[in-house]
Amino acid sequence: RNSPRVYAGTDQGLWYSPDLGRTWRKYGTGLPNAVVVDILLQPTRPSGGRMIVGTQGRGAWRIRVYCPADLNRDDTIDFNDYLGFLNLFNAGDADVDFNADGVVDFNDYLEFLNLFNAPC
């Protein structure tokens, strides 16, 4: 849920970084562990879009990509997402560590507000 995300195709599948490349995580959406040769990001909605991933020998995959501020993934960034953020923030949930520093704090709240006020 962190932002902005950076995506990279490698010889071991698709990876993403929630913190502009400081850390990387394998994108686990059912994609095969195959060489990713092409990525096309299509932002089609205010709260997200889709990504087309081409793999070597395994075809093309279409993946739904959500805006980090759309916490409930209903294609609308609204008050429900704000309330959801507050609940997770108050619980110290790592899903709202928007700056990926390992601590849920006021800086994450500011990051969320930036996304909320200027949706993806």
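Structure shown above.
Cut-off values and rules
- Residues numbered from 1 in each chain as written.
- Predicted model: local features only at pLDDT ≥ 70, side-chain atom pairs only at ≥ 80, totals over all residues.
- Heavy atoms only, no water.
- Helix = DSSP H or I, 4+ residues; strand = E, 2+ residues; numbered from the N terminus.
- Buried < 20%, exposed > 50% of the residue type's maximum accessible area, 1.4 Å probe, protein only.
- Areas by Shrake-Rupley, 256 points an atom, 1.4 Å probe, with all protein chains shown as cover.
- Pairing = 2+ DSSP bridges.
- Core = buried A, V, L, I, M, F, W, Y, C linked by side-chain atoms within 4.5 Å.
- Expected span 1.5 Å × (residues − 1).
- Arc of directions from axis to C-beta.
- Contact = heavy atoms within 4.5 Å.
- Polar contact = N/O pair within 3.5 Å; in protein donor to acceptor, adjacent residues only side chain to side chain.

Take the overall build of the protein next. Scanning the protein for helices and strands turns up 2 helices and 6 strands. Seen in sequence order, the protein has helices and strands lined up from the N terminus as β-β-β-β-β-β-α-α. Put simply, the protein has 120 residues, and 33% of those count as buried. If you sum the accessible surface of the protein, you get close to 6800 Å²; carbon and sulfur atoms cover 51% of it.

For the rest of this paragraph, the subject is the sheet that holds strand β1 (residues 6-10). If you trace the 3 strands from one edge of the open sheet to the other, you get β1-β2-β3, paired in antiparallel fashion. Only two strands of the sheet have a single partner each, and these edge strands are β1 and β3 (25-26). Relative to β3, strand β2 (residues 13-17) runs antiparallel, the two sharing 2 bridges. Bridge assignment links Trp15 to a residue of β3, and that residue is Lys26.

Right, let's get into the nonpolar core. Cys67, Ala69, Leu71, Ile77, Tyr82, Phe85, Val96, Phe98, Tyr109, Phe112 and Leu115 together form the largest nonpolar core, which totals 11 residues. Contributing elements (two or more residues each) for this core: α1 (79-91) and α2 (106-117). The element contributing the most residues to this core is α2, with 3 residues.

With that settled, the discussion passes to the pairing of β2. One face of the sheet, then the other: side chains in a regular strand alternate in exactly this way. Burial within β2 is extensive, with 4 of its 5 residues counted as buried. Across 5 bridges, the pairing between β1 and β2 is antiparallel. Residue pairing across strands places Gly9 opposite Leu14, the latter belonging to β2. Between the end of β1 and the start of β2, which pair antiparallel, lie 2 residues.

End to end, α1 covers 18 Å across 13 residues, agreeing with the expected 18 Å (1.5 Å per residue, within 8%). Looking at α1, one finds that the buried residues are Asp81, Tyr82 and Phe85. The buried residues of α1 occupy one face: seen down the axis, they fall within an arc of 100°. Facing away from the buried surface of α1 by more than 90 degrees, the exposed residues are Phe79, Asn87, Asn90 and Ala91. The inward-facing, buried residues of α1 abut α2. With a side-chain oxygen positioned 3.1 Å from the backbone nitrogen of Asn80, the residue opening α1 is Asp78.

Within the fold, Asn33 resides in the loop between β3 and β4 (36-45). What Asn33 contacts, discounting residues up to four positions off in sequence, is Gln12, Gly13 and Lys26.

Here we take up the environment of Ala60. Summarising the element assignment, Ala60 is placed in strand β6 (residues 59-66). Residues Ala60 and Ile39, 21 residues apart in the sequence, show an inter-C-alpha distance of 9.5 Å. Excluding residues that lie within four positions of it along the chain, Ala60 makes contacts with Ile52, Val53 and Gly54.

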